[in-house]
Amino acid sequence: MEVTNLLERALNIRAQYHKVLSGNIANVETPNYKERDINFQSEIQRNIGSQNNVDIRESTDGDVIGSIDGNTVNMENQIVKMTENHMLFTSLVQVISKKFSMMRYVINEGRR
């Protein structure tokens, strides 16, 4: 698989994960809402095999404790996960940007 395709798929998974985390935060006070999660490692492996859909599932973290109303979302954990996801997404964007910058340099040097 070409590196650019892999980076694109990784960005798509990270973007989808951001939506999942945002949904968790939005539903922090919804009774019986179960925290949802994405396992990035397994998703990137599945997507290498040409599957573009992302498996969103209820979180199976051992530290998830439901509240009295059955909600399993921990706001602090979601903020940490969202911050980490944002940093990784930004890093992937920088890698892609650098790759295109190198390609542009090679093309421009080829004209000389």
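Residues numbered from 1 in each chain as written. Predicted model: local features only at pLDDT ≥ 70, side-chain atom pairs only at ≥ 80, totals over all residues. Heavy atoms only, no water.

S.K.: Honestly, the environment of R46 in this entry has me stumped. Any pointers?
M.R.: Mapped onto the elements of the fold, R46 is located in helix α2 (residues 40–48). Of note is the side chain of R46, whose polar atom sits 3.1 Å from the side chain of E43. (Helix = DSSP H or I, 4+ residues; strand = E, 2+ residues; numbered from the N terminus. Polar contact = N/O pair within 3.5 Å; in protein donor to acceptor, adjacent residues only side chain to side chain.)

S.K.: When you look at the packing of aromatic side chains in this model, what are you seeing that I'm missing?
M.R.: The geometry of an aromatic ring pair is captured by two quantities: the separation of the ring centres and the angle between the planes. Taken as a whole and assessed by the stated rule, the structure comprises zero aromatic pairs. Just above the ring of F40 sits the side chain of R14; from NZ or CZ to the centre is 3.9 Å. (Phe/Tyr/Trp six-rings, centres within 6.5 Å; stacked < 30°, edge-to-face > 60°. Lys NZ or Arg CZ within 6 Å of the ring centre and 35° of its normal.)

S.K.: What's the story with the confidence of the model for the chain in this structure? I'm lost.
M.R.: Should the pLDDT be low somewhere, the predicted coordinates at that spot are not to be read in detail. Counting all residues, the mean pLDDT for the chain is 86, and 88% of those residues have values of 70 or more. Per-element averaging of pLDDT across the chain places strand β2 (residues 57–58) at the bottom with 80 and strand β1 (residues 36–37) at the top with 94. (pLDDT = per-residue confidence, 0-100.)

S.K.: Just checking my understanding: could you explain α2 for this structure?
M.R.: The α-helix advances 3.6 residues per turn, and as a result positions three or four apart in sequence lie on the same side. The set of residues buried in α2 consists of E43, I44 and N47. One side of α2 holds all its buried residues, which, seen down the axis, span an arc of 100 degrees. Looking at α2, the residues exposed on the side facing more than 90 degrees away from the buried face are Q41 and Q45. Buried-residue contacts for α2 involve α1 (3–26). (Buried < 20%, exposed > 50% of the residue type's maximum accessible area, 1.4 Å probe, protein only. Arc of directions from axis to C-beta. Contact = heavy atoms within 4.5 Å.)

S.K.: Is there a simple way to explain the side chain of R14 in this structure?
M.R.: Note on placement: R14 falls in helix α1. The buried charged residue R14 lacks any salt bridge, with E84 as its nearest oppositely charged partner at 6.0 Å. The contacts of R14, once residues within four sequence positions are left out, are F40, N85, L88, F89 and L92. (Lys, Arg positive; Asp, Glu negative; His and termini not counted. Salt bridge = Lys/Arg side-chain N within 4 Å of Asp/Glu carboxyl O.)

S.K.: How do you make sense of the packing of α1 against helix α3 (residues 75–111) when you look at a structure like this?
M.R.: α3 packs onto α1 with a crossing angle of 160 degrees between their chain directions and a minimal axis gap of 9 Å. Classified by the angle their axes make, α1 and α3 are roughly antiparallel. Along this stretch, α1 crosses α3, giving a crossing that reads as left-handed. Looking at the contact of α1 with α3 residue by residue, the classes come out as 18 nonpolar, six polar and four charged. (Axes fitted to C-alpha atoms, helices over the stretch in contact; angles between N-to-C directions. Parallel < 35°, antiparallel > 145°, perpendicular 65-115°, else oblique. Left-handed = near helix turned anticlockwise from the far one by under 90°. Nonpolar A, V, L, I, M, F, W, Y, C, P; charged D, E, K, R; others polar.)

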